[in-house]
Amino acid sequence: MKTIFITGASSGIGKATAKLFQSQGWNVIATMRKPENETELTQLENVTILALDVTDIEQIKSTVTKATGLFDIDVVVNNAGYGLLGALEAYTNENIIRQVDTNFLGTVRVTQEFIPHFREAQKGLFINVTSIGGHTGFPFTSIYNGTKWAVEGWSECLSIELSMFNVGVKTVAPSSTNTELFSHNVDVKHLPFYEATEKKMVGMIKPASSPEEIAEVIFEAATDDKDQLRYFAGKSSKAIYDRRQEIGAEASVKEIKKMYFDSLKTEV
Ligand code: NDP
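Values in this document were obtained by computation on a predicted structure and should not be read as measured data.

Before going further, it helps to examine the overall build of the protein. In terms of regular secondary structure, the protein is built from eight helices and seven strands. For 268 residues, the compact-globule estimate of 2.2 N^0.38 gives 18 Å, and the C-alpha radius of gyration of the protein, at 18 Å, lies within 12% of that figure. Seen through its principal axes, the protein has C-alpha atoms that stretch 55 × 40 × 30 Å. Every one of the 268 residues in the protein was classed for burial, and the buried ones make up 48%. Summarising the internal contacts of the protein: among those between residues at least 6 apart in sequence, 70% fall at separations of at least 24. With the model as given, the accessible surface of the protein reaches about 13,000 Å², and the carbon-plus-sulfur share is 53%. Averaging the coordinates of the 27 positive side-chain charges in the protein and doing the same for the 34 negative ones gives two points 5 Å apart.

Attention shifts here to the site of the ligand. Surveying the vicinity of the ligand reveals 28 residues, the closest of which are Ser10, Arg33, Tyr144, Thr177 and Thr179. Here the ligand, which alone exposes 890 Å², has 93% of that area covered by the protein. Mapping the ligand onto the cavity grids shows that it belongs to the largest pocket. Where the shell around the ligand is concerned, the elements lending two or more residues are helix 1 (12–23) and helix 4 (142–161). When the residues that make up the shell around the ligand are grouped by side-chain class, the tally is nine nonpolar, 15 polar and four charged.

Let us now look at the layout of surface pockets. Empty space among the atoms can be located by rolling a probe the size of a water molecule over them. When its volume is computed, the largest pocket comes out at roughly 1,200 Å³. Considering the residues around the largest pocket, the lining is formed by 48 residues, among which Gly81, Tyr82, Thr179, Glu180 and Leu181 are closest to the centre. Contributing elements (two or more residues each) for the lining of the largest pocket: helix 1, strand 2 (27–32), helix 3 (93–121) and helix 4. Of the residues that constitute the lining of the largest pocket, the class distribution is 18 nonpolar, 23 polar and seven charged. By volume, the second largest pocket amounts to about 570 Å³. The wall of the second largest pocket is formed by 22 residues, among which Gly124, Leu125, Asn166, Gly168 and Lys226 lie closest to the centre. Of all the secondary structure elements, the ones that give two or more residues to the lining of the second largest pocket are strand 6 (168–174) and helix 6 (211–223).

Cut-offs and rules
- Residues numbered from 1 in each chain as written.
- Predicted model: local features only at pLDDT ≥ 70, side-chain atom pairs only at ≥ 80, totals over all residues.
- Heavy atoms only, no water.
- Helix = DSSP H or I, 4+ residues; strand = E, 2+ residues; numbered from the N terminus.
- Rg over C-alpha atoms; globule rule 2.2 N^0.38 Å.
- Buried < 20%, exposed > 50% of the residue type's maximum accessible area, 1.4 Å probe, protein only.
- Contact = heavy atoms within 4.5 Å.
- Areas by Shrake-Rupley, 256 points an atom, 1.4 Å probe, with all protein chains shown as cover.
- Lys, Arg positive; Asp, Glu negative; His and termini not counted.
- Charge placed at Lys NZ, Arg CZ, Asp CG, Glu CD.
- Near = heavy atom within 4 Å.
- 1 Å grid on protein atoms, 1.4 Å probe; cavity = no way out; pocket = protein on both sides within 12 Å on 5 of 7 lines; lining within 4 Å.
- Sits in = over half its atoms within 2 Å of the grid points.
- Nonpolar A, V, L, I, M, F, W, Y, C, P; charged D, E, K, R; others polar.
- Points joined across faces, edges and corners; volume = space filled by probe spheres on them.

Next up, the structure:
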């Protein structure tokens, strides 16, 4: 039986991924900040729940030690993250640090802790959940997108570095998905100069995909045995990426400016 380790499995894409792999006969280590609140995954066979906050280095060490002591882990899914939404000048330093600490450094730390195990086993796969916002720019999510570009670029480097030990690195980039992603945003101020455009932008985020659809792509990435770095998931991710490739990055930026500020018709 294969084993998968997932971060941020308390809701959304992480939880759907835990449920899908469990249903496909995998052994699942579902990690989350507050295991005491979990009621659904606790009912499932072959699911072990462990506490993990990806900003807590000591807890990462103890949880990875516990997990690797219990099972031989085949796949690690770095999924934990949240969306910081607002104009850059409105963010506090604390807002910015917490976003980078969670989305980028959290992924780096968990991966770093697992590498010696995968290197010794000469096998293993990291799947990092990024975003279509890690391939393109959007307004009012500059730090969020920055963390996802960071994970994309870092994953590319690491996929080359770890190939010498037969260890894989893949990214899965979803488009807008129906989850709690932007609900952790309570502490961001909203400045009057941006109010109208921000509202317009938020109105344009239409979560067209379900977390289950994204989990299917994570499953494909985990099981297809392909030497492929990037996967796109959700209704519009691949189309947005392909459009950028087709017209080039400069034209794509112009097009996105137009889309956000001239028209309300195009959906993201
Ligand atoms: P959810 O908010 O539903 O899930 C996010 C998960 O991350 C929760 O389990 C949350 O835990 C966890 N989390 C947040 N901070 C930490 C932390 N410090 N340590 C451990 N876990 C943490 O959103 P999604 O399912 O949408 O998000 C999952 C991933 O998908 C994210 O990386 C996100 O950026 C990415 N994504 C989502 C898209 C979308 O439209 N929804 C689009 C593109 C990418 P807790 O319950 O404790 O808060």
